[in-house]
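Chain by chain, the residues run as shown.
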Amino acid sequence: MSKTWRPATQLVHGGTLRSQYGETSEAIYLTQGFVYDTSEAAEARFKGETDGFIYARYGSPTNDMFEKRMCMLEGAEDARATASGMAAVTAAILCQLKAGDHIVAARALFGSCRWVVETLAPKYGIDFTLVDGRYLENWEKAITPKTKVFFLESPTNPTLEVIDIAGVAKLANQVGAKVVVDNVFATPLFQKPLELGAHIVVYSATKHIDGQGRCLGGVVLSDKEWIDENLHDYFRHTGPAMSPFNAWTLLKGIETLPLRVKQQTQNAAKIADFLAEQGKVAKVIYPGRKDHPQADIIAKQMTGGSTLVCFELKGGKEAAFALQNALDVVKISNNLGDSKSLITHPATTTHKNLTEEARAELGISPGTVRFSAGIEDTDDLIEDFAKALSKVSA
């Protein structure tokens, strides 16, 4: 495989293994285990003296293809595919920590990610500090002698804040901590956290990588040394492995990732501009707009906007519900990154378990709405929003 291939080519051909039959599409290896020619061959494989697969919980040919293809796209040395995005987040954080260690995390996180940091980790004696991640001084002030992990997502869910990944990584390196970045909202096409200095990248492959509402999946990517020393045994013994069928589905999805994300991003940008002109909309946050609060950071670390738009309606929850209920093309769902346009009211769904005060800190008001652009015709989406807004009381 050529290392000079561009992303669109990597995502069609990268990491492909073919059987003796020479199939065009990747094969699905639906097997739990593998056989060995001799007892000596089994012993050598378990010792790590020879390459090969041992058990599907550790890895399989189909999963291996997906992992290698993601590594090519991300610029990572190694990866492990997991059953879901949250399995990837949990594994990436917990595999490298012990009782007494300390996490510094951006407060703007997906609800389940905050639960891992705020609720699960402390059960095992791991302390945490949540910070407003937009300002580097907050990260620096939160560091303790026990700090081992910095955790963030950028852009954030749902308010699309952008964090200076290179700046956070520089602080982490000064104290020997590792930076874990959830890169779902940027996609691997628009942001490369490892190139910016992050140590570990996680994805919910359920989102753009599948992008067609079919299956769950996640992936953790890093250098081989970190995975061998931290994730390898955790992964083998706790069992968050991805199903080979899901790996195959994701391999098919990833082939069209650049095409889908391009159209989704174009749609998101035009919807953001349309919404910004509407009197019933209080504000619009979109990484591709010049009025984004962190436009300077976006310019230096992202090569594209986003497939997501966050906006706030003046009429609060009542207006948000009225808008969502009046949409026709755009569907109400808590998912994102799909080929279908989706809309979510975070305060009552994805972030409902946060306190009202915590939501307010994150900029999630009763009128906040998250829009995930699909690949539909742009004019149909604009007409759909225009019709729905006409149903919203002023």
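Since the structure is predicted, the reported quantities are computational estimates derived from the model, not experimental observations.

Section: the domain arrangement of the protein chain
As assigned here, the protein chain comprises domain 1 (14-26 + 58-253) and domain 2 (257-391). Summing the contributions of domain 1 and of domain 2, the shared interface buries around 3100 Å²; its carbon and sulfur component is 61%. Run the count over domain 1 and domain 2 and you get 1 salt bridge. The residue Lys300 makes a salt bridge to Asp164 at a minimum N-O spacing of 3.3 Å. At the junction of domain 1 and domain 2, the tally comes to 20 residue pairs in polar contact (both at pLDDT 80 or more). Taken together, the elements giving at least two residues each to the side of domain 1 that touches domain 2 come down to α5 (111-123), α7 (165-175), α8 (187-190) and α9 (206-210).

Some details on the sheet that holds strand β7 (residues 218-222)
Sheets are built from strands that pair by backbone hydrogen bonding, the pairs being arranged parallel or antiparallel. Ordered in space as β1-β7-β6-β5-β4-β2-β3, the 7 strands form an open sheet in which the pairing is mixed. At either end of the open sheet lies a strand with only one pairing partner, and these are β1 (78-82) and β3 (127-131). Neighbour-to-neighbour, the strand axes of this sheet turn through a mean angle of 20°, independent of strand direction. The pairing of β1 with β7 spans 5 bridges and is antiparallel. By the bridge assignment, Thr82 is partnered in β7 with Gly218.

Describing the packing of helix α11 (residues 244-255) against helix α12 (residues 257-276)
Between α11 and α12, the shortest axis-to-axis distance is 5 Å and the interhelical angle comes to 60°. As judged from the angle between their axes, α11 and α12 are oblique. In contact with Gly253, Ile254 and Glu255 of α11, α12 contributes Leu257, Pro258 and Arg260. Split by residue class, the contact of α11 with α12 holds 3 nonpolar, 1 polar and 2 charged.

Concerning the UniProt feature "modified residue: N6-(pyridoxal phosphate)lysine" (unreviewed entry) in the protein chain
In this numbering, the UniProt entry assigns the feature "modified residue: N6-(pyridoxal phosphate)lysine" (unreviewed entry) to Lys207. By relative accessible area, Lys207 is classed as buried at 18%. Non-local contacts of Lys207, meaning those with residues more than four positions away in its chain, are made with Val184, Asn335, Leu336 and Gly337.

Some words on unusual backbone geometry
Ser154 connects to Pro155 through a cis peptide bond whose omega is -10°. Topologically, Pro155 is positioned in the loop between β4 (147-153) and α7. A positive phi angle, near 60°, is found at Leu160, a position not held by glycine. When you line up the elements, Leu160 lands in the loop between β4 and α7.

Here's the deal with the environment of Arg57
Following the sequence through the fold, Arg57 ends up in the loop between α2 (39-47) and α3 (61-74). By relative accessible area, which is 31% here, Arg57 ends up partly exposed. Note: C-alpha distance between Arg57 and Glu383 (326 residues apart in sequence) is 48 Å. Aside from chain neighbours lying at most four places away, what touches Arg57 is Phe235, Arg236, His237, Gly239 and Ala241.

A word on a negative patch on the surface
There is a patch of like negative charges on the surface, built from Asp377, Asp379, Asp380 and Glu383. Its place among the elements puts Asp379 in helix α16 (residues 378-389).

A short note on the pattern of salt bridges
Scanning the model with the defined rule gives 17 salt bridges in all. Here Arg134 and Asp132 are joined by a salt bridge, their closest N and O atoms 2.7 Å apart. A salt bridge links Asp291 to Arg289; the nearest nitrogen and oxygen atoms lie 3.0 Å apart. Residue Asp291 is classed as partly exposed on the basis of its relative accessible area, which comes to 46%. Look at the salt bridges and you will find they share partners, linking Glu26, Arg69, Lys252 and Glu255 into a network.

Digging into the side chain of Thr147
Mapped onto the secondary structure, Thr147 falls in strand β4. At 2.7 Å, the side chain of Thr147 and the side chain of His102 are in polar contact. When sequence neighbours within four positions are dropped, the list of residues in contact with Thr147 reads His102, Val104, Ala142 and Ala177.

Re the packing of aromatic side chains
According to the stated counting rule, one finds 7 aromatic pairs in the structure shown. Ring geometry for Tyr36 versus Phe46: centroids 6.5 Å apart, planes at 65°, classification edge-to-face. Taken together, the positions of Tyr36 in the loop between α1 (7-13) and α2 and Phe46 in helix α2 put the pair 10 residues apart, joining distant regions of the chain. What links up through ring pairs into an aromatic cluster is the set Phe311, Phe371 and Phe385. Looking at Arg236, its charged tip hangs above the ring of Tyr58, at a distance of 3.9 Å from the centre.

Concerning the nonpolar core
One finds Phe66, Met70, Tyr203, Ile209 and Leu221 to be the most contacted residues of the largest nonpolar core, which totals 33 residues. Listed by contribution, the elements that provide at least two residues to this core are α3, β1, α8, β6 (200-204), β7, α11, α12 and β9 (308-313). Domain assignment of the residues forming this core places at least three in each of domain 1 (14-26 + 58-253) and domain 2 (257-391). With residues up to four places along the chain from it excluded, the contact list for Phe66 reads Ala81, Ala205, Ile209, Gly218, Val219, Met242, Ala247, Leu250 and Leu251.

Criteria and thresholds
Residues numbered from 1 in each chain as written. Predicted model: local features only at pLDDT ≥ 70, side-chain atom pairs only at ≥ 80, totals over all residues. Heavy atoms only, no water. Domains from an automatic or database assignment. Buried area = accessible area lost by both parts, 1.4 Å probe. Salt bridge = Lys/Arg side-chain N within 4 Å of Asp/Glu carboxyl O. Polar contact = N/O pair within 3.5 Å; in protein donor to acceptor, adjacent residues only side chain to side chain. Helix = DSSP H or I, 4+ residues; strand = E, 2+ residues; numbered from the N terminus. Pairing = 2+ DSSP bridges. Axes fitted to C-alpha atoms, helices over the stretch in contact; angles between N-to-C directions. Parallel < 35°, antiparallel > 145°, perpendicular 65-115°, else oblique. Contact = heavy atoms within 4.5 Å. Nonpolar A, V, L, I, M, F, W, Y, C, P; charged D, E, K, R; others polar. UniProt positions renumbered as here; feature names shortened; annotations may be inferred. Buried < 20%, exposed > 50% of the residue type's maximum accessible area, 1.4 Å probe, protein only. Patch = residues over 30% accessible without salt bridge, like charges linked within 9 Å, V, L, I, M, F, W, Y side chains within 5 Å. Areas by Shrake-Rupley, 256 points an atom, 1.4 Å probe, with all protein chains shown as cover. Lys, Arg positive; Asp, Glu negative; His and termini not counted. Charge placed at Lys NZ, Arg CZ, Asp CG, Glu CD. Phe/Tyr/Trp six-rings, centres within 6.5 Å; stacked < 30°, edge-to-face > 60°. Lys NZ or Arg CZ within 6 Å of the ring centre and 35° of its normal. Core = buried A, V, L, I, M, F, W, Y, C linked by side-chain atoms within 4.5 Å.

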